[in-house]
Every structure is written in C-alpha cells, then in structure tokens.
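# Architecture at a glance
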Amino acid sequence: MTPQHSTTLYGHTDILQRLLQAYVQQHLHHSLLFVGPEGVGKETLAYHLMRTILKDDTRLASGNHPHLFVIHPVFDEKKQRFKRDITLDALAGLSNFLRLSPVDDKPRFILVNPADGMNPQTQNALLKVLEEPPANVFFILLATQTAAMLPTIRSRCLIVPVPPLNEKDFTRGLLHLVPEITMDTAETYFAMAEGVIG
C-alpha cells in the first residue's frame, strides 16, 4: 500500500497532532522539512497531515487533488526509468499551480520527495518560492539527510525529525501488512530493521 493510499498511521501520531494543533492555531510553518531514515514513514505522515486538513481521502488517493502539487523525479521516456535526481523539469506547472486562485479557502500543498534528491538548479529555483511563499500554501519536503540541501533552504524550513518506530508501533504496522507473521518473527524484524518498517 502506497503512502497516499494508507488510511492508518502507525507511530508518529504525536508529530501529526502537534502539526494539526499548530494549523488550527494558525501557527503552522509554511515550509516543513520531514527528516528521517528511508522507509520510516515520512510520506505517509505527510499524506495524513494533508488528508486531515483538506478533509479529502478520495482525490488525494487518486493523485489528482487540485490543492496538491507533487515534485518528484521525472520519468525519462528514452531510458524508460525515473531520473535519479529531481531536475528542473519536475517544476513544470508549479508557477501555474501557485498563480491560480483556488475555488475555496482550503490551503494548498507542495510535496517534495525526496527533497535531498533535488539538484542544485532545482533547489535554487524552489528557493525563490520559499523566500516569498504565497498565502495559504504549505511546503512539505521529505529528506533522508539534509547535507546535500542548500543551507538557505534548510533555514527557511521547520525541521521535523521523524524517528524510527518503537517496537509496539512497528509490530502493529507489520501485522497489518503481513497478518500471518508470528510475534517472534516480528521481534526479529524489528531488531533487524531498527524500527524502520519500510
């Protein structure tokens, strides 16, 4: 099950509640940088945040929500695979998305995954938007590590650490994905994966 289709969040509920509370109080930072190991659940957390705020499951799951713009590696038709880095062509359509006025007062989201996969040109182009973010637009950047990201981008984001799951949440998530697994095997997987269910 992909993060955009997942309706259950295992672990990270405390992070989600803090972010939702900030949104309700109109204090949610316009740029959030989720940082954690690959497979820890950053994208799932991001979709739960957006789903709760937008109050819309169906269109988010379909990948066709008018309030969401996703920046990710572009598929290379010649090589028949996704590009390794996020290149400038991944930003095609972003200007129109930001320029068009929404038909309602719901916020809009820009999801960048993986943010540490943006090449320098893409980072600089995105930085111009982050410096003067439009009203009611929130950026969610997902990264495994931030060393490859421009310090100017990092400084404009609220860094949200997304740690590995504890054993209880890891086991609940694993049993949901693989119901036939035994508890002994689940304990072994937890030790091997160090709490990273992905």
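In short, a report on the structure. All figures in this text were calculated on a predicted structure; none of them were measured in a lab. (Residues numbered from 1 in each chain as written. Predicted model: local features only at pLDDT ≥ 70, side-chain atom pairs only at ≥ 80, totals over all residues. Heavy atoms only, no water.)

### Structural notes on the side chain of Asp116
With respect to the helices and strands, Asp116 occurs in the loop between β5 (108-112) and α5 (120-131). Buried and unpaired, Asp116 has no salt bridge, with Lys42 as the nearest side chain of opposite charge at 7.4 Å. For Asp116, the side chain forms a polar contact with the main-chain nitrogen of Thr144, separated by 3.1 Å. With near-sequence residues (within four places) excluded, Asp116 lies in contact with Leu142, Ala143, Thr144, Gln145, Ala148 and Met149. (Helix = DSSP H or I, 4+ residues; strand = E, 2+ residues; numbered from the N terminus. Buried < 20%, exposed > 50% of the residue type's maximum accessible area, 1.4 Å probe, protein only. Lys, Arg positive; Asp, Glu negative; His and termini not counted. Salt bridge = Lys/Arg side-chain N within 4 Å of Asp/Glu carboxyl O. Polar contact = N/O pair within 3.5 Å; in protein donor to acceptor, adjacent residues only side chain to side chain. Contact = heavy atoms within 4.5 Å.)

### Points about the packing of aromatic side chains
Inspection of every chain in the model, using the stated rule, returns 4 aromatic pairs. For the pair Tyr23 and Phe138, a centre-to-centre distance of 6.1 Å together with 70° between the ring planes defines the contact as edge-to-face. You can see Tyr23 sitting in helix α1 (residues 13-24) and its partner Phe138 sitting in strand β6 (residues 137-143), a full 115 residues away along the chain. For Tyr23, a relative accessible area of 25% corresponds to the partly exposed category. Take Phe138: its relative accessible area is 9%, and that puts it in the buried class. Ring centres 5.6 Å apart and planes at 40° place the aromatic pair Phe69 and Phe97 in the tilted group. Taken as a pair, Phe69 in strand β2 (residues 68-71) and Phe97 in helix α4 (residues 94-99) lie far apart in primary sequence, 28 residues in all. Like Phe69, the residue Phe97 is buried in the burial classification. Cluster of aromatic residues (ring-pair linked, three or more members): Tyr23, Phe109 and Phe138. (Phe/Tyr/Trp six-rings, centres within 6.5 Å; stacked < 30°, edge-to-face > 60°.)

Spatial relationships are all this shows, so hold off on functional conclusions.
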